[in-house]
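# Descriptive structure summary
Listed here are the chains, written in short residue letters.
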Amino acid sequence: MASLLQHPGYEKERLQRVAEQLPCREVQAGMLLSLMGQPHQYSYPSIFVYGHRASGKSHVINVLLKELQLPHATVSCVECVSVASLFERVLLSFFGCDAAALLPRSPSLSDFVRVYRQQRSQSSAKETRYVILEKAELLRDADANLLPALLRLQELVEDNVTVLLLSEIAWDTFRPNTGCFEPLLLHFPDYSKGELQQILALDRHPSYSAEFYSSYINILLGVFYSVCRDLRELRHLAALNFSKFCEPLAEGKVKESDTHKLWRNIEPHLKKAMQTVYLREVSSLQWEKMQQAETEAGALRGLSAHTHVELPYYSKFLLIAAYLASYNPARTDKRFFLKHHGKIRKANFLKKNEKTSNHLLGPKPFPLDRLLAIFYSVVDSRVAPSASIFSQISSLVTLQLLTQVSHDDQLDAPKYKCAVSMDFICAISRTVNFDIVKYLYDFL
Amino acid sequence: MSTSSVSKGCFVFKPSAPKKKKNSSLGLEDYFIPGCEGAENSHVRFRLFDDLWMKITTDTEAVQDELNRQILDSLLDFTRKCSSTRQHSNWASQMRASEIPTAALMLGVNVPDHDMTFQSLSDLLQQSVTPHVASVQAKECGALKHLMKRVLERLMGAAVTVEDEDDVEEAEQNSTPLHKSVHCSLSTLCDWYITKTKKSNTSTPGKKRGSPIKDEQQQPPVVIIFKDLEAFNPRVLQDFILICSRYIEHLPLLLIFGIATSPSTIQHMLPHSVSSLLCIELFQSLSCTQHLATVIDKLILTPEFPFKLNGKVMQVLISIFLYHDFSVRNFIKGVQLALQEHFHSQPLSVLCCQKKEALLNVTQLSHGDLERIRQLPSFRRFVEKQESEERMTLLKNDAHLKQVCQQLIKDLHKYHKNYYPVLRCLHTLTSSLPRYPLGKQIRELHLTCLEKNVWETEDYQSAMKLLKMLAKDELITLLQRCAEIVGTVKSKRMKRALVQLEDLLTKLKQLDTAFTETATGADDILTSPVKDLQKKTDLFQLQKALLEMNESRRSKKLSPFELLRNEALELIDSLVTAHLSPPEAQTLYEVCYYSSSANVRRHLNATPRTSIQAALSSPFYYLQNESLKAEDGTVSNAAPDICIAYKLHLECGRLINLYDWLEAYATVVSAAEGVDPDSDNFGTVDEVKHARFIRAVSELEFLGFIKSTKQKTDHVARLTWGGC
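In what follows, the accompanying structure is described. The residue numbering used here restarts from 1 in each chain and proceeds along that chain's sequence as written. Throughout, the order in which chains and ligands are written sets their labels, letters from A for the former and numbers from 1 for the latter. Only residues with pLDDT of 70 or above have their local features reported here, since the model is predicted, and side-chain atom pairs are shown and tallied only from 80 upward, although totals for entire chains, interfaces and linings are computed over all residues. Side-chain calculation: all heavy atoms of the structure are included, whereas hydrogens and water are not.

### Describing the sheet that holds strand S3 (residues 129-134) of chain A
All names here are of chain A. Taking strand neighbours across the sheet as the criterion, the 5 strands line up as S2-S3-S4-S1-S5 in an open arrangement whose pairing is parallel. Bordering the open sheet on either side are strand S2 (72-76) and strand S5 (184-187), each of which pairs with just one other strand. The sheet shows a mean angle of 20° between the axes of neighbouring strands, taken without regard to direction. Pairing between strands is defined by DSSP: at least two bridges between the two strands are required. Only DSSP runs of H or I with at least four residues qualify as helices, and only runs of E with at least two residues qualify as strands; both kinds are numbered from the N terminus onward. When S2 meets S3, the two strands line up parallel, connected through 5 bridges. Among the inter-strand pairings, Ser 76 is bridged to a residue of S3, identified as Glu 134. Every axis in this analysis is a line fitted to C-alpha atoms, fitted for helices over the stretch in contact. Angles between the N-to-C directions lie between 0 and 180 degrees.

### Some details on the packing of aromatic side chains
Ring pairs shown here join Phe, Tyr and Trp side chains whose ring centres sit within 6.5 Å, with only the six-membered ring taken for Trp; geometry is labelled stacked below 30 degrees between planes, edge-to-face above 60, and tilted in between. Taken as a whole, this structure holds 47 aromatic pairs over all chains when the rule is applied. Taking 5.9 Å as the distance between ring centres and 35° as the angle between the ring planes, the aromatic pair formed by Tyr44(A) and Phe181(A) counts as tilted. Note that Tyr44(A) is positioned in the loop between helix H2 (26-36) and strand S1 (46-50) and Phe181(A) in the loop between strand S4 (161-167) and S5, a separation of 137 residues in sequence. Each residue's exposure class comes from its accessible area (1.4 Å probe, protein chains only) as a fraction of the maximum for that residue type: buried when under 20%, exposed when over 50%, partly exposed otherwise. Given the relative accessible area of 23%, Phe181(A) is considered partly exposed. Relative to Phe693(B), the ring of Tyr665(B) lies with its centre 5.4 Å away and its plane at 45°, an arrangement referred to as tilted. With a gap of 28 residues between them, Tyr665(B) in helix H32 (residues 658-673) and Phe693(B) in helix H33 (residues 687-703) connect regions that are remote in the sequence.

### Some remarks on a positive patch on the surface
Residue and element names in this part refer to chain B. Here the term patch refers to residues with relative accessible area over 30% and no salt bridge, with like charges joined within 9 Å and nonpolar side chains (Val, Leu, Ile, Met, Phe, Trp, Tyr) within 5 Å. For every accessible area listed, the method is Shrake-Rupley and the probe measures 1.4 Å; residues are considered covered only by the protein chains on display. Within this document, salt bridges are pairs made up of a side-chain nitrogen of Lys or Arg and a carboxyl oxygen of Asp or Glu, the two lying within 4 Å of each other. In this tally Asp and Glu are treated as negative and Lys and Arg as positive; neither His nor the chain ends contributes. Where a charge lies is defined by one atom per residue type, namely NZ (Lys), CZ (Arg), CG (Asp) and CD (Glu). Together, Lys 355, Lys 410, Lys 414, Lys 417, Lys 490, Lys 492, Arg 493, Lys 495 and Arg 496 make up a region of like positive charge exposed at the surface. For the positive patch, the secondary structure elements donating two or more residues are helix H20 (398-430) and helix H24 (492-514). It is H24 that contributes the most residues to the positive patch, 4 residues altogether. Within the fold, Arg 496 resides in helix H24. The exposure class assigned to Arg 496 is exposed, which follows from its relative accessible area of 55%.

### Examining the interface of chain B and chain A
Residue-level contacts link 59 residues of chain B with 63 residues of chain A. Carbon and sulfur atoms supply 60% of the area buried between chain B and chain A, which totals about 5,100 Å² over both sides. Where chain B touches chain A, the interface holds 2 salt bridges. Across the pair Arg246(B) and Glu134(A) runs a salt bridge, and its minimum N-O distance is 2.8 Å. Counted as a polar contact is a pair of N or O atoms within 3.5 Å, where, for protein atoms, one must be capable of donating a hydrogen and the other of accepting one, and residues adjacent in sequence contribute only when both atoms are in side chains. There are 11 residue pairs in polar contact (both at pLDDT 80 or more) connecting chain B and chain A. We call two residues in contact when some of their heavy atoms are within 4.5 Å. In this description, buried area is defined as the sum, over both parts, of the accessible area (probe of 1.4 Å) that is lost when the two are combined.

### Notes on the sheet that holds strand S8 (residues 655-657) of chain B
Note on sheets: strands pair through backbone hydrogen bonds, and any given pair is parallel or antiparallel. Residue and element names in this part refer to chain B. Across the sheet, which stays open at both edges, the 3 strands sit in the order S8-S10-S9 with antiparallel pairing between neighbours. Edge positions in the open sheet fall to S8 and strand S9 (706-708), since each of these has one partner strand only. Neighbour-to-neighbour, the strand axes of the sheet open up by a mean angle of 35°, direction not taken into account. With 3 bridges connecting them, S8 and strand S10 (residues 715-718) associate as antiparallel partners. When the bridges of S10 are listed, Asn 657 appears paired with His 715.

### Examining a nonpolar patch on the surface
Together, Ile612(B), Phe702(B) and Leu703(B) make up an exposed nonpolar region whose accessible area comes to about 280 Å². Summarising the element assignment, Leu703(B) is placed in helix H33.

### As for unusual backbone geometry
All names here are of chain A. Positive phi, normally seen in glycine, also occurs at Cys 24, with a value near 65°. Mapped onto the secondary structure, Cys 24 falls in the loop between helix H1 (12-21) and H2. Overall, the relative accessible area of 10% leaves Cys 24 in the buried class. Located in the positive-phi region is Ala 54, a residue other than glycine, with phi close to 50°. Note on placement: Ala 54 falls in the loop between S1 and helix H3 (57-67). Relative accessible area serves as the criterion here: at 29%, Ala 54 is assigned to the partly exposed category.

### Some remarks on the packing of H1(A) against H3(A)
Between two packed helices, what matters for the description is the angle formed by their axes and the separation of those axes. Residue and element names in this part refer to chain A. Contact pair H1 / H3: the axes reach a minimum separation of 10 Å and the direction vectors enclose 160°. The angle between the axes of H1 and H3 places the two elements in the roughly antiparallel class. As for the relative orientation of H1 and H3, their crossing is right-handed in sense. On H3, the residues that touch Arg 14, Arg 17, Val 18 and Gln 21 of H1 are His 59, Val 63, Leu 64 and Glu 67. Classifying every residue of the contact of H1 with H3 by side-chain character gives 3 nonpolar, 2 polar and 3 charged. Angle categories: roughly parallel below 35 degrees, roughly antiparallel above 145, roughly perpendicular from 65 to 115, and oblique for all the rest. Helix crossings fall into two classes, left-handed where the near helix is turned counterclockwise from the far one by less than a right angle and right-handed where it is turned clockwise. Only Asp, Glu, Lys and Arg are considered charged in this grouping, and only Ala, Val, Leu, Ile, Met, Phe, Trp, Tyr, Cys and Pro are considered nonpolar; every other residue, Gly among them, is considered polar.

### Observations concerning the side chain of Ser327(B)
Residues and elements named next belong to chain B. Along the chain, Ser 327 turns up in the loop between helix H14 (311-325) and helix H15 (328-345). Residue Ser 327 is classed as buried on the basis of its relative accessible area of 1%. The residues touching Ser 327, leaving out its near neighbours within four places in the chain, are Asn 110, Pro 112, Asp 113 and Phe 321.

### Thoughts on the packing of helix H13 (residues 288-299) of chain B against H15(B)
All names here are of chain B. For the pair H13 and H15, the least separation of the axes is 10 Å and the interaxial angle reads 30°. Here H15 runs roughly parallel to H13, going by the angle between their axes. Between H13 and H15 lies a crossing whose hand is right-handed. Here Cys 288, His 291, Leu 292, Val 295 and Ile 296 of H13 come into contact with H15, specifically with Val 328, Phe 331 and Ile 332.

### Observations concerning the pairing of S1(A)
Residues and elements named next belong to chain A. For S1, a buried count of 4 out of 5 residues is recorded, marking the element as mostly surrounded by other parts of the structure. Examined bridge by bridge, S1 and S4 share 5 bridges and lie parallel to one another. Considered in S4, the bridge of Phe 48 is made with Leu 165. Alignment of S1 against S5, held across 4 bridges, turns out to be parallel. Paired with Val 49 across the two strands is Leu 186, which belongs to S5.

### Comments concerning the state of the cysteines
Here, a disulfide means two cysteine sulfur atoms that sit within 2.5 Å of each other. Counted under the stated rule, the structure contains 0 disulfides over all chains. For Cys592(B), which is in no disulfide, the shortest distance to another cysteine sulfur is to Cys352(B) and amounts to 4.4 Å.

### Topic: the environment of His40(A)
Residues and elements named next belong to chain A. The residue His 40 is located in the loop between H2 and S1 in this model. The class of His 40 is exposed, set by a relative accessible area of 51%. Excluding its chain neighbours within four sequence positions, the residues that come into contact with His 40 are Lys 126, Glu 127 and Asn 160.

### Overview of the pattern of salt bridges
Residues and elements named next belong to chain B. Enumeration over the complete set of coordinates arrives at 32 salt bridges over all chains. Ionic pairing is found between Arg 235 and Asp 239, a salt bridge with its closest N-O pair at 3.3 Å. Residue Arg 235 and its partner Asp 239 are located together in helix H10 (residues 234-247), separated by 4 residues, close to a single helical turn. According to the relative accessible area criterion, Asp 239 is buried, its value standing at 13%. Residues Lys 507 and Asp 503 are paired through a salt bridge, measuring 3.8 Å at the closest nitrogen-oxygen approach.

As structure tokens, this is what we get:
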């Protein structure tokens, strides 16, 4: 396999070290290496590397550049709150902090190019310089000219520089409509089951044999491979459950080689982990605690188990009113909230588009007036329209139980949507003895 | 002003700094005294108020600290554990090291109270775990760079520049030349942290290496507190966490989320790819109702504070809490308001203080104050009960009145001293009864006791009936708890009650040993009908049999336990009737009780809309001008323009024709000017009237009653409904 990583420009031992660190990615690394060429040669101006999460994109590139000691600048686009910090980092890692200080406040792209060229003339590149942009998909949100310019940076600054773009999504979604220089595309495919097994087996526990750990990984993959192929998640799960796997061994019940018994012991446990840990219902710390104290495992509840919210009395009714306003058509208010509405049958009542359930369509926006009108007819006592009623509406908005739809002036009839689920509102209305189902048009 | 300049020109003179003396002389007291009823003793009253308020604030803070202790302690444990596991070279924890430890702190929806919790949390963290604590609020972090800036500012204690046009000025003002090139990124923070920890390591070389405490201190975690998670922009939060996870190897970060609703918001806000970077642990704080119960217990249900709230004011404060905000802080603010109003408006509140001081203050009462005492309804009632001779002296002789007042004040204090323990006893007895006839919380019982004679209510009777069915061991535990409560009080009557209670308890306990034989005898009688019962399957017959059994048991001679139980309940009943009478029955209760519930309601639960409507529909209410007086529902034509326009607009439908409105307005105003209705000029629109009308309309628009509409050009739309 190591034969794939051969290049006349680099020393053999280094390439050997690189190959050791990149299991199952030899093909991609070799491809990159041949694209990069010898250090002093010009490389292709921009290379676009894509593949799913945890398919080894950054790892391969970082290991290559570090081990071969090539000049490079790694920037994650999430961190670049402005283009300035991107430019600055690039200059900083190529030319030192003096160069970065030359950038004016809120620099433009041409400032960057100017400073770069100025510096380049002082210390021109003997080896290809690499700019690595992780999470490149965020570049699309930046200025329209940034991405096309980065793609042909080599041409702009007249230097031996190559831009590597790393992303989880394909190039097609990047292409600006004004057209641009097409980068070379390099795909990192997902790891296969065998490859995952091979990689996961690498971080074995120091006090157990490699075969033992490998058999553990095998069992783990058997359970989780169908739902999760993310290497990072799998590694996390492997670390969490290993102590449980070793338990019978420590108690002296089973030998290391008795895989079947070990499997029988761990399997239900892994199933449970799939429901809780994988969904992050329970944090890893809690999971470890749970394993230590097996008996009270049921007592620990996940994040989504706590849905109960205590609210002040009128806030509850405001929320109920908001829910009714969101899910009932406005025409039907008369029927629900007027005392002598007469009998209106649902069949006559239905319009064509309303035949589908409102609950399937989601909440609809409603004006403040309607909310208050429903509120006053729903709440059983007389309520003064005091300031605190109105402030409760806005605090419901900050709690994200309501959302404000129109961003207009507050004075000009603001509109809201109710953002809580049916279960939640049923629980709330039960606490105030209000039968909400009777007031919902969908359940008439 | 003169300058040293030779040339002519404009010079700017900045005003010299205002002299501080002027400001400092205007203390709180200077705001208190003007407008005070009975100005002569206002200084004393202000001092009393101030002392009392200081005591209340320190007490409530202590209560709050006590309540938060548990959750804060567990949180501190969590942070310590996180920072210590990070340094372990254990295989499992190494594998897990890439997660950011996160504490989700569930605080409930009473957002105003959270500030205090967070304050004490960050203080505690800084004291005992780490110096690096930053707390951020959603409203100051609209975008990622702002969040970054705030975090860095607060951690590094220095200004940080942000590459942004809007912030240039601000940044330039703040930044010192030293930090000119500091950029808003976590890598800066990371560098700063490394140098900081290195520095502290080299500066303390004397300590021995290898001790675990030392290790912990080498790498104190960096704590970032998000005070209100729900209000954060999810996008910003996600990006921030993604960035944090890139640095977690070098920077021991720890996040704390303050959550008001439920922990599932985390899942709503963060996608799996982000939440998988966190290791979340949940911490549940005490619910706000429990919090309120403790505060009421410590603040209101105690004879320690001489100031009291009457039933209605209590009701207002509690209903604001339960119906509107759930905020304990606002409740305490309400108590403060009542306290202030009481000392401000009631001249006799000089007597509202500890017993000794009150007795002293009685001797210093002026003639005017004594007259005020004579005016008090409770005192009048007291006088009417006296002999005619005594009545005359009370009304005429000031010295005698002072003596009587001292006695009355003593009685009032005694009443309070006995009231609370008896209230607590009654609550312990009744709070575990089925269906809670006297309320689940002690505050409900307190409210009933404040309003009427509790022993005359139906609920009390039913509670007593239920108590008569208690089993022996239940009764014993309840009575023991009562004895404990009564035992803490030092007063003659309570001591006597304690002796009686303990006597009863010993008798009850002796029953076991002394009367076992009789008990078995009683069992025999009971078992035979029970056996019969098992044969019967018909519901009607069963009912009949049960009734018969009941009858026979009632007619039967009471067992010794039942006798003792009745005795105990009689004792409780006598205590209740003696001590739980409402405060209105006490003479001079006005001194200690604040009773203006309307005032409190007006201040705390403002109704801006109704006041605007009142101002517009009956301007007399605010302007107090005789000419504006009018009958119900009408507006005098001399009222301000806006009132007339408002009144007229009420008569219209959803859309109002501006020209018709103007005509109507002109007619009303002409009548006000006294123009003869038959003349030609009547109701014509001249320029002045036109201008006044336009102004009134735009004022109404500003207040939000109407708005312009695109449906019809010469119309405006009404934004309110209803009218005449």
